[in-house]
Amino acid sequence: MSRYALLIAPSSNRVYADTAPRLALAELAVFGRTALKGRLGELEETTFGGVPYVTFEAEDLTDRDVAYLSNLSAMFALFKVEGDLLRPVGLQRLDTFDDDLITIQKYAGKTNEQFTKLLLNVTMLASGKDLLDDRPVVFDPMAGRGTTLNQALMYGYDALGCDLDQKDFEAYAAFLKTWLKRKRLKHRAEVNPVRREKKLLARKLEVTIAGRQSLVMYNIDALKAREVIKVRTADLVVTDAPYGVTHGAHHKGLSRKPIDLLAEAVPGWVEILKPGGAFGIAFNTFTADKDDIAGLLEDAGLMVLETPGFTHRVDQAITRDILVAAK
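Rules of the game
Residues numbered from 1 in each chain as written. Predicted model: local features only at pLDDT ≥ 70, side-chain atom pairs only at ≥ 80, totals over all residues. Heavy atoms only, no water. Helix = DSSP H or I, 4+ residues; strand = E, 2+ residues; numbered from the N terminus. Rg over C-alpha atoms; globule rule 2.2 N^0.38 Å. Buried < 20%, exposed > 50% of the residue type's maximum accessible area, 1.4 Å probe, protein only. Contact = heavy atoms within 4.5 Å. Lys, Arg positive; Asp, Glu negative; His and termini not counted. Charge placed at Lys NZ, Arg CZ, Asp CG, Glu CD. Pairing = 2+ DSSP bridges. Axes fitted to C-alpha atoms, helices over the stretch in contact; angles between N-to-C directions. Salt bridge = Lys/Arg side-chain N within 4 Å of Asp/Glu carboxyl O. Expected span 1.5 Å × (residues − 1). Bend = angle between axes of the 7 residues up to and from the residue. Parallel < 35°, antiparallel > 145°, perpendicular 65-115°, else oblique. Left-handed = near helix turned anticlockwise from the far one by under 90°. Nonpolar A, V, L, I, M, F, W, Y, C, P; charged D, E, K, R; others polar.

Caption draft 1: Main features of the overall build of the chain. For the chain, the helix and strand inventory stands at eight helices and 17 strands. Over its C-alpha atoms the chain spans a radius of gyration of 20 Å, differing by no more than 12% from the 20 Å that the globule rule assigns to 327 residues. Referenced to the eigenvectors of the C-alpha coordinate spread, the extents of the chain come out at roughly 70 × 45 × 35 Å. Classification of the 327 residues of the chain by burial places 53% in the buried group. In the chain, of all internal contacts separated by at least 6 residues, the share reaching a separation of at least 24 is 67%. Between the averaged position of the 43 positive side-chain charges in the chain and that of its 44 negative side-chain charges there is a distance of 8 Å.

Caption draft 2: Here's a closer look at the environment of Leu69. Structurally, Leu69 is set in helix H2 (residues 63-69). Using a relative accessible area of 0% as the deciding quantity, one classes Leu69 as buried. Along the backbone, Leu69 and Pro242 are 173 residues apart, and their C-alpha atoms lie at a distance of 30 Å. In this view, Leu69 contacts Leu28, Phe31, Leu36, Phe56, Leu61 and Met75; residues no more than four positions away in its chain are not counted.

Caption draft 3: Examining the sheet that holds strand E3 (residues 51-58) more closely. Taken together, five strands build an open sheet; the order of strands is E2-E3-E1-E4-E5 and the sheet is antiparallel. Two strands lie at the open edges of the sheet, namely strand E2 (41-48) and strand E5 (85-89), each paired on one side alone. Between one strand axis and the next, the sheet turns by 35° as a mean value, whatever way the strands run.

Caption draft 4: Fine view of the side chain of Asp163. Take Asp163: it is sitting in strand E7 (residues 158-163). At 8.3 Å, Arg145 is the nearest oppositely charged side chain to Asp163, a buried residue that forms no salt bridge.

Caption draft 5: Summary view of helix H1 (residues 14-33). Compared with the 28 Å implied by 1.5 Å per residue over 20 residues, the 29 Å span of H1 between its first and last C-alpha is a close match. Of all the bends in H1, the greatest, near 50°, is centred on Ala20, and the proline Pro21 appears no more than four residues after it.

Caption draft 6: Up close: the pattern of salt bridges. Per the stated rule, a full pass over the model turns up 18 salt bridges. A salt bridge links Asp60 to Lys80; its shortest N-O distance comes to 3.2 Å. Pair noted here: Asp60 is in the loop between E3 and H2 and Lys80 is in strand E4 (residues 75-82), with a separation of 20 residues, a long-range link. Its relative accessible area of 48% is what places Asp60 among the partly exposed residues. With relative accessibility at 23%, the residue Lys80 sits in the partly exposed group. Its salt-bridge partner being Asp100, residue Lys183 comes within 3.1 Å of it at the nearest N-O pair.

Caption draft 7: Main features of the environment of Ala317. Mapped onto the elements of the fold, Ala317 is located in the loop between strand E16 (312-315) and strand E17 (318-326). A residue is classified by how much of its surface remains accessible, and Ala317, at 32% relative accessible area, is partly exposed. The spatial distance from the C-alpha of Ala317 to the C-alpha of Ala143 is 22 Å, given a sequence separation of 174 residues.

Caption draft 8: The arrangement of the pairing of E2 in detail. With six bridges connecting them, E2 and E3 associate as antiparallel partners. For Phe48, the partnering residue across the bridge sits in E3 and is Val51. The hairpin formed by E2 and E3 contains two residues between the paired strands, and Gly49 there has a positive phi angle of roughly 60°.

Caption draft 9: A look at the pairing of strand E10 (residues 213-219). The buried fraction of E10 amounts to six of the seven residues, a majority that puts the element mostly inside the structure. Where E7 lies against E10, five bridges are found, and the strand directions are parallel. When the bridges of E10 are listed, Asp163 appears paired with Asn219. In this structure, strand E9 (residues 199-209) lies alongside E10, joined through seven bridges in antiparallel fashion. In the sheet register, Val207 faces E10, and the bridge partner there is Leu215. Counting the residues that bridge the hairpin from E9 to E10 gives three residues, and of these Ala210 lies at a positive phi of roughly 55°.

Caption draft 10: The packing of H1 against helix H4 (residues 113-125), seen in detail. Packing of H1 against H4 leaves a shortest axis separation of 11 Å and a crossing angle of 15°. It follows that H1 is roughly parallel to H4 by the angle criterion. Here H1 and H4 pass one another in a crossing that is left-handed. Judged by residue contacts, Tyr16, Leu23, Glu27, Val30 and Phe31 of H1 engage Gln114, Phe115, Leu118, Asn121, Val122 and Leu125 from H4. The class makeup of the residues in the contact of H1 with H4 is eight nonpolar, two polar and one charged.

The following block contains the structure:
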């Protein structure tokens, strides 16, 4: 058996940086159970020279093993431990664009980019799709300014989203159009109305990149997603639920009960999910009970999976956790 050390990526968020090694350990355990088929052992937090690492043991990693592990949300560098030395292992990331697609937007309430990647990874690994070989459609029904959608694009996946907030919709459309032009990427990007019986139902941002990737985002209430999106359209549903603090549920005014929004919305979102797909949701444990959310997912026909080790503090009013379920 060989020992490996994962150097934790730096985070601009101090609180997230403090909990990153523990979250990396939980995410690595998911990769070990799924993509690496149980071949990782002795997972633990440690330090080398006062710097935090996560270490694990495995038979010598194949190129494909390394390709999977390269996409861990906390992965900054990977080393093989040889005595007192750390020998670098070359990474093979899925990233298809410059990382400023993810990092350049700054605004209040933005979900940490590393956490967004973690949630997408864990959801993808729970599906019938392969992280490296497949190109799923990722649906975020509460997309905000597109952090999840952008991470899907980074991986070369197709993205689908909804958000009720007109300012967020317009800000994201303007950002993505500007970013694509600045990067000189061949693309088409249009915002058009969606009408039904001569009434405006939604606005639609439709983007095609280099003729091979697509993104569609609707300016519409998450509760009405099924009015504009067909059943069995998405391979993954990945979303950060309203926290009931800085994030308000966009229905019946500013609701402080996210569980009420989810109770109404989840059945429609699950209809959009293909068989064999997976559903990943992050939530604030202070305003939404994990067992209650699990019950909603099960009632909608999903199988809730075990996701230990992902609970972490965001700020005084928010302790975040995740749930993942398979269809």
